[in-house]
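# Commentary on secondary and tertiary structure
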Amino acid sequence: MDPLTAQQDAIMQEIARHKGCGSGGGDGKTGCGSTAGRDDLPPEIWEKVKNHPCYSEEAHHHYARMHVAVAPACNIQCNYCNRKYDCANESRPGVVSERLTPEQAARKVVAVASTIPQMTVLGIAGPGDPLANPAKTFRTFELVSRAAPDIKLCLSTNGLALPDHVDTIAGFKVDHVTITINMIDPEIGARIYPWVFWNHRRYTGVEAARLLTARQLQGLEMLTERGILCKVNSVMIPGVNDRHLIEVNRAVKERGAFLHNIMPLISAPEHGTVFGLTGQRGPTAQELKTLQDACEGGANMMRHCRQCRADAVGLLGEDRSAEFTTDKIMAMDVSYDLDGRRAYQARVEEDRQSRVEAREAELRTLDGHGGASGVTVLVAVATKGSGLINEHFGHAREFQVYELSAAGAKFVGHRRVDLYCQGGYGEEDSLAGIIRAINDCHAVFVAKIGGCPKADLIAAGIEPVDGYAHDDIATSTIAWFKSYLDRIGRGEIVHAARGDALIRQGGLIALQSLNVA
Ligand code: CLF
Ligand code: SF4
């Protein structure tokens with residue numbers, strides 16, 4: 001056995017000890033994950049996730065994050081990456097971010113935090129790998145923690161250099177680290193990573209993948225030992241690692257990962273990546289959901305990721321980066337109003353708490369509705385954020401999808417669509433695309449909708465619901481679900497599962513046969 005393999009085997013044996021879910025968190029009563037709330041988590045974990053939009057599904061309706069693109073270099077090559085663009089482990093391919101110095105980045109954070117008081121998290125996620133650029137990454141953290149002490153620091157890495165930097169990360173009080181782990185089997189890894197560069201040497205093939213997985217899992221263990229919350233991102237690549245990700249889910253849970261975010265590969269020839277050029281397809285939304293469902297019971301699933309770019313600003317799913325270009329932030333007159341930010345966030349928390357109570361009260365009234373235990377339906381929601389049904393059908397660029405059952409309303413994903421309303425007119429091609437994208441949903445909740453799309457949706461078997469405009473999503477969808485069950489009970493409708501959707505992901509149409517029930 002060569003010295004490198006012996007060293008990695010030793011690391012693998014050392015990290016094979018089971019740790020259980022959560023970094024000191026999770027009481028076994030509930031999943032400590034993105035859907036968990038205040039009552040489900042130990043207080044110290046709740047404090048860390050309650051206003052992090054990626055680590056709490058509920059928080060992502062209320063709180064924003066921003067990225068600063070300070071890390072251009074990378075130490076590995078992924079077959080889904082083209083270095084012209086941002087790191088595809090956190091970003092959609094095909095978009096390029098404006099590179100910043102740490103000083104520009106710190107100024108940008110203060111400018112954004114002064115303008116968007118619900119911006120609570122600064123993440124460094126590229127455009128290359130933050131830990132392949134440690135000086136720039138940590139200098140940015142140093143400047144930001146001084147200038148904006150209430151902002152949570154977050155990091156996303158491929159993990160190769162992670163074990164060397166864990167103490168520094170802990171020293172900056174970074175509470176949230178994401179590691180992209182696409183495999184734990186080096187044979188599979190060799191199909192994803194052509195090479196890695198470590199310790200002044202380039203490794204290729206299975207040897208490269210073995211080194212990478214050992215370093216990733218070692219870094220994950222080291223972080224969770226220090227109480228740092230870890231999220232694992234995995235890119236689902238059909239035919240390469242899709243089934244294997246169930247094993248990855250188990251392995252990262254054993255090592256204390258708090259969340260697992262399985263993201264679809266986005267691949268097209270124009271991205272110039274190996275996978276794009278060789279015709280490797282991404283998964284359909286249904287395939288993604290099936291895999292995420294199969295992983296339930298393991299490490300908790302994150303399903304609300306938007307694969308945002310390395311200079312993203314705003315709520316997940318919205319992009320306000322154009323308001324904060326370098327030119328604009330240099331011209332802005334900013335002052336950091338810590339008290340004002342705290343007061344704003346206190347009001348957000350008050351509103352959030354009263355809505356949680358209303359939602360729980362509505363859920364209690366589900367008891368006793370005939371058939372609730374066996375019926376599950378998907379519904380689509382048009383929203384601009386804040387957990388409200390507050391978007392017009394014609395203005396929606398995406399729909400959030402919820403699964404309704406006796407257990408309540410559970411967020412299961414989002415579907416990107418083309419705008420229906422274009423220049424004051426409804427676009428028929430877009431409407432057909434929207435119907436295909438939400439074809440597996442029984443209803444679509446909107447703030448407002450015109451007569452034409454309404455009729456077409458009804459003809460397609462999707463009920464348009466505009467009676468809950470500007471109300472809370474979970475409370476409203478549960479109320480509608482009760483009326484749906486009542487209609488079944490009265491024999492007015494017959495419940496039937498709907499077919500799989502043909503869905504756009506990241507602007508690409510993933511083909512799947514329509515099977516409308
Ligand atoms: Fe950024 Fe990532 Fe931190 Fe979030 S993103 S570094 S954990 S603050 Fe979030 Fe964006 Fe998905 Fe990332 S939605 S791509 S999971
Ligand atoms: Fe590209 Fe990110 Fe992979 Fe590096 S880690 S090769 S930047 S996708």
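Overview of the structure.

The rules we used
- Residues numbered from 1 in each chain as written.
- Chains lettered and ligands numbered in written order.
- Predicted model: local features only at pLDDT ≥ 70, side-chain atom pairs only at ≥ 80, totals over all residues.
- Heavy atoms only, no water.
- Helix = DSSP H or I, 4+ residues; strand = E, 2+ residues; numbered from the N terminus.
- Buried < 20%, exposed > 50% of the residue type's maximum accessible area, 1.4 Å probe, protein only.
- Contact = heavy atoms within 4.5 Å.
- Areas by Shrake-Rupley, 256 points an atom, 1.4 Å probe, with all protein chains shown as cover.
- Near = heavy atom within 4 Å.
- Nonpolar A, V, L, I, M, F, W, Y, C, P; charged D, E, K, R; others polar.
- Core = buried A, V, L, I, M, F, W, Y, C linked by side-chain atoms within 4.5 Å.
- Pairing = 2+ DSSP bridges.
- Axes fitted to C-alpha atoms, helices over the stretch in contact; angles between N-to-C directions.
- Patch = residues over 30% accessible without salt bridge, like charges linked within 9 Å, V, L, I, M, F, W, Y side chains within 5 Å.
- Salt bridge = Lys/Arg side-chain N within 4 Å of Asp/Glu carboxyl O.
- Lys, Arg positive; Asp, Glu negative; His and termini not counted.
- Charge placed at Lys NZ, Arg CZ, Asp CG, Glu CD.
- Expected span 1.5 Å × (residues − 1).
- Polar contact = N/O pair within 3.5 Å; in protein donor to acceptor, adjacent residues only side chain to side chain.
- Parallel < 35°, antiparallel > 145°, perpendicular 65-115°, else oblique.
- Left-handed = near helix turned anticlockwise from the far one by under 90°.

## Quick notes on the overall build of the protein
Looking only at helices and strands, the protein has 15 helices and 20 strands in total. By residue count, 58% of the 517 residues in the protein fall in the buried class. At a minimum sequence separation of 6, the contacts of the protein that also span at least 24 residues come to 72%. Approximately 20,300 Å² of the protein is accessible, and the part contributed by carbon and sulfur atoms is 51%.

## A closer look at the site of ligand 2
Neighbouring ligand 2 are 13 residues; Cys74, Cys78, Cys81, Cys87 and Asn89 lie closest to it. Residue classes in the shell around ligand 2 are distributed as 8 nonpolar, 4 polar and 1 charged.

## Some points on the nonpolar core
A general feature of soluble globular proteins is that nonpolar side chains tend to end up buried together. With 54 residues, the main nonpolar core has Val68, Met119, Leu122, Ile169 and Leu223 as its most contacted residues. Among the elements that take part in this core, helix 3 (residues 102–115) stands out by supplying 6 residues, more than any other. Core analysis: the second largest hydrophobic core is formed by 35 residues, Ile45, Ala208, Leu212 and Val240 among them.

## What about the sheet that holds strand 14 (residues 408–416)?
Taken together, the 5 strands give an open sheet; going across it, the order is 14-13-12-17-18, and neighbouring strands pair in mixed fashion. A single partner strand is all that each edge strand has here, and the edge strands are strand 14 and strand 18 (463–465). Strand-to-strand, the axes of this sheet are offset by a mean angle of 25 degrees, without reference to chain direction. Pairing of strand 12 (residues 377–381) with strand 17 (residues 443–445) involves 3 bridges; the strand directions are parallel. Directly across from Ala380, in strand 17, lies its bridge partner Val444. Running at roughly 135 degrees to strand 12, helix 15 (residues 473–489) makes contact with strand 12, strand 13 (398–405), strand 14, strand 17 and strand 18 of the sheet.

## Comments concerning a negative patch on the surface
A grouping of Glu427, Glu428, Asp429 and Asp456 is seen on the molecular surface, where their side chains present a negatively charged patch. Along the chain, Asp429 turns up in helix 13 (residues 428–437). According to the relative accessible area criterion, Asp429 is exposed, its value standing at 62%.

## As for helix 15
A rise of 1.5 Å per residue sets the reference length of helix 15, with its 17 residues, at 24 Å; its end C-alpha atoms lie 24 Å apart and thus fit the reference within 8%. At the N-terminal boundary of helix 15, the capping side chain belongs to Asp472, with an oxygen 3.2 Å from the backbone nitrogen of Ala474.

## A few points about the packing of helix 5 (residues 162–171) against helix 7 (residues 205–225)
Closest axis-to-axis distance for the helix 5/helix 7 pair is 9 Å, and the angle between their directions is 20 degrees. Here helix 5 is positioned roughly parallel relative to helix 7, judged by the angle of their axes. The crossing of helix 5 and helix 7 is right-handed. The residues of helix 7 that touch helix 5, namely those facing Leu162, Pro163, Asp164, Val166 and Ile169, are Arg215, Gln218, Gly219, Leu220, Met222 and Leu223. Residue composition of the contact of helix 5 with helix 7, grouped by class: 7 nonpolar, 2 polar and 2 charged.

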